[in-house]
Amino acid sequence: EDKLDDNVMTKTFNVSLAEKQRIPMIEHFSSSTCAPCVLINQLMHKMTEENPGKFTYTKYQMNWPGTGDPYYTEEGGTRRAYYACDAVPTVFFNGEYINTGMAQNMLDIENSLPAYANIRGAFNVEGNTINITADFMSYVKLEDVAAFITVNEKETTENVGSNGETSFNHVMMKMLDGANGNNISINPGEYQRLEFSFDMSSTNVEEMNDLEVSLWLQNLGTKEVYNSKYAYEYTSHCYPAQNLRETTSAKGTRTFAWDAPEQGTPTGYKVYVDGTLVEGNTSETSVSYESSKPLLMVEVIALYAGGKSSVGIVNKF
C-alpha cells in the first residue's frame, strides 16, 4: 500500500540578491631557474596584455629547481602546499589546476559567468609603507571564507636566475595578513572591510611606484574563488554610500534615500531596483520608483572620478 505522508524531501537553496561581473583569479607558480617557465611566462604575459581588466594575477616564485628563485618567500611556499603544487610552471585559475598555461577561451568563459560577490579596494604609498583598504561584499551568505590580499610588483628584474629571462611580472612580495588569508563571514548584501599598513622594506620590492594589489575571496575547503579584483592604485579608497532607507511610499511611488560616504566625494550614484538599473549616474541622494510590489531590493553604488566605484549598499524594503 502506498504511503503518501512520508514522501517528503527537504533541500536548502541559497538565492543571490544580485549578480556581478566575474573577474577570474590567476595564481601562477614559476621560477627564474626553470627553463620550461620561459615559454609559459611569455604566453601568459601576451594573453594578459591583450585582456586588460579581465583578470587578477599573482605569481609565486619558487625555490626550485636548483637554487630556485631569489624572490621565493615562505608565504609562496604555503600557497604551493595548499594547492599541492609539485612542479613549475603551474597555473591555477579560480582555484582550479590547469596544468601549465591557459587559453583565451578559458578566460572568456569565466568572464561571462555571473559572480555573487564583489570586491573593491585601493592603496597608497608613504615612503616604504603601503596602506591598503579593501571591501569584500557578497550577495549570498558566505561563511568561513578567506579574503586574500597580495602585494605584487608589476615587473622585477633583480631576481634573474639561470633560465635566460631578464624580467618577471606580477611577482608576489607580501601576503596580508599571511598566506592563509583572512577568515571572514559575510551576510547577504553586506561587506567586510580589511585595512593594512605594511613596511615593504622587509620584502624584495624593487620600486615602490610599481606595485599592484590583488584581492580575492576563496573557499579554503573547495578552493573555489568567488571573485577577485585589483585594488585601485595609488589613490584613496572608494567608500560606499551609507544608511540606505525608504523615506516615503504613496500611491505606488516609493522613494529611497541614502547618505554620502563617510569619506571621499563621489561624482554620482548608480541605483538598481530588483537588479534593474534605474539610475546610471545621479547626483542626488534619493530616487523615486513606481512599484506596487510589497518587497523591493535596492542597491546603491557610489561612483568616483576615473571610472572608479565602491561596493554597493543593499537593502530590502
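Rules behind the numbers
- Residues numbered from 1 in each chain as written.
- Predicted model: local features only at pLDDT ≥ 70, side-chain atom pairs only at ≥ 80, totals over all residues.
- Heavy atoms only, no water.
- Helix = DSSP H or I, 4+ residues; strand = E, 2+ residues; numbered from the N terminus.
- Buried < 20%, exposed > 50% of the residue type's maximum accessible area, 1.4 Å probe, protein only.
- Contact = heavy atoms within 4.5 Å.
- Areas by Shrake-Rupley, 256 points an atom, 1.4 Å probe, with all protein chains shown as cover.
- Lys, Arg positive; Asp, Glu negative; His and termini not counted.
- Charge placed at Lys NZ, Arg CZ, Asp CG, Glu CD.
- Core = buried A, V, L, I, M, F, W, Y, C linked by side-chain atoms within 4.5 Å.
- Phe/Tyr/Trp six-rings, centres within 6.5 Å; stacked < 30°, edge-to-face > 60°.
- Lys NZ or Arg CZ within 6 Å of the ring centre and 35° of its normal.
- Pairing = 2+ DSSP bridges.
- Polar contact = N/O pair within 3.5 Å; in protein donor to acceptor, adjacent residues only side chain to side chain.
- Disulfide = S-S within 2.5 Å.
- Expected span 1.5 Å × (residues − 1).

Caption draft 1: Highlighting the overall build of the protein. Scanning the protein for helices and strands turns up three helices and 21 strands. If one aligns the C-alpha atoms of the protein with their principal axes, the spans along those axes are about 75 × 70 × 30 Å. In the protein, which comprises 317 residues, the share counted as buried stands at 51%. A fraction of 69% describes how many contacts in the protein between residues 6 or more apart in sequence connect residues 24 or more apart. Accessible area for the protein stands at about 15,000 Å²; split by element, carbon and sulfur atoms hold 46% of it. When the 23 positive and 41 negative side-chain charges of the protein are each reduced to one mean point, those points stand 6 Å apart.

Caption draft 2: Quick peek at the nonpolar core. Counting 32 residues, the largest nonpolar core has Ile-130, Phe-136, Ile-149, Val-213 and Leu-217 as its most contacted members. Breaking this core down by element, the ones donating at least two residues are β7 (117-126), β8 (129-138), β9 (142-156), β10 (168-176), β11 (182-186), β12 (190-199) and β13 (211-218). Broken down by element, the residue count for this core peaks at five residues, all from β9. In this structure, Ile-130 is in contact with Phe-123, Asn-124, Val-125, Val-151, Phe-196, Ser-197, Phe-198, Met-200, Leu-211 and Val-213, ignoring residues within four places of it in sequence. In terms of nonpolar packing, the next biggest core, distinct from the first, is built from 19 residues, Ala-241, Phe-256, Val-271 and Ile-313 among them.

Caption draft 3: Helix α2 (residues 74-82), seen in detail. Listing the buried residues of α2 in full gives Glu-75, Gly-76, Gly-77 and Arg-79. Buried positions along α2 lie against β2 (25-30), β3 (56-61), β9, β10 and β13. At the C-terminal side of α2, Ala-84 shows a positive phi close to 55°.

Caption draft 4: Inspection of the packing of aromatic side chains at higher detail. Taken as a whole, this structure holds 12 aromatic pairs when the rule is applied. Ring geometry for Phe-29 and Tyr-83: centres 6.3 Å apart, planes at 80°, overall edge-to-face. One end of the pair, Phe-29, is in strand β2; the other, Tyr-83, is in the loop between α2 and β4 (90-93), with 54 residues separating them in the sequence. A relative accessible area of 0% means that Phe-29 is categorised as buried. Note that Lys-20 overlies the ring of Tyr-272, its terminal NZ or CZ placed 4.5 Å from the centroid. A cation over an aromatic ring shows up here: Lys-223 above the ring of Tyr-82, its NZ or CZ 4.5 Å from the ring centre.

Caption draft 5: Just the pairing of β7, in detail. Counted residue by residue, β7 has seven buried out of 10 residues, so it is predominantly covered. Bridge count between β7 and β8: 10 bridges; the pairing is antiparallel. Across the sheet, Ile-119 pairs through a bridge with Phe-136, a residue of β8. In sequence, β7 turns back onto β8 through a hairpin of two residues, with Gly-127 there showing a positive phi of about 65°.

Caption draft 6: Geometry of the side chain of Asn-118. For Asn-118, the location among the structural elements is in strand β7. A distance of 3.2 Å separates the side chain of Asn-118 from the side chain of Arg-120, its partner in a polar contact. Sequence-distant contacts of Asn-118, defined by excluding residues within four places in its chain, comprise Lys-20, Asp-135, Phe-136, Met-137, Tyr-139, Asn-227 and Val-311.

Caption draft 7: Seen up close, unusual backbone geometry. In this structure, Pro-65 follows Trp-64 across a cis peptide bond, with omega equal to -5°. Within the secondary structure layout, Pro-65 lies in the loop between β3 and α2. In the segment running from Leu-176 into Asp-177, the intervening peptide bond is cis, with an omega of 0°.

Caption draft 8: Up close: the state of the cysteines. Overall, the coordinates contain one disulfide when judged by the stated rule. Here Cys-34 is linked by a disulfide to Cys-37, with a sulfur-sulfur distance of 2.3 Å. Measuring the twist about the S-S bond at about 90°, one finds the Cys-34-Cys-37 disulfide to be right-handed. The residues Cys-34 and Cys-37 share a single accessibility class, namely buried.

Caption draft 9: Fine view of helix α1 (residues 37-49). Here α1 contains 13 residues, and its C-alpha end-to-end distance of 18 Å stays within 8% of the 18 Å for a straight helix at 1.5 Å per residue. Turning to α1, the residues buried within the fold contact β2, β3, β4, α3 (104-112) and β10.

Caption draft 10: Geometry of the environment of Phe-196. Within the secondary structure layout, Phe-196 lies in strand β12. Residues Phe-196 and Thr-133, 63 residues apart in the sequence, show an inter-C-alpha distance of 6.7 Å. For Phe-196, the contacting residues outside a window of four places in its chain are Ile-130, Asn-131, Ile-132, Ile-149, Leu-176, Asp-177 and Asn-182.

Honestly, it's all geometry; don't read function into it.
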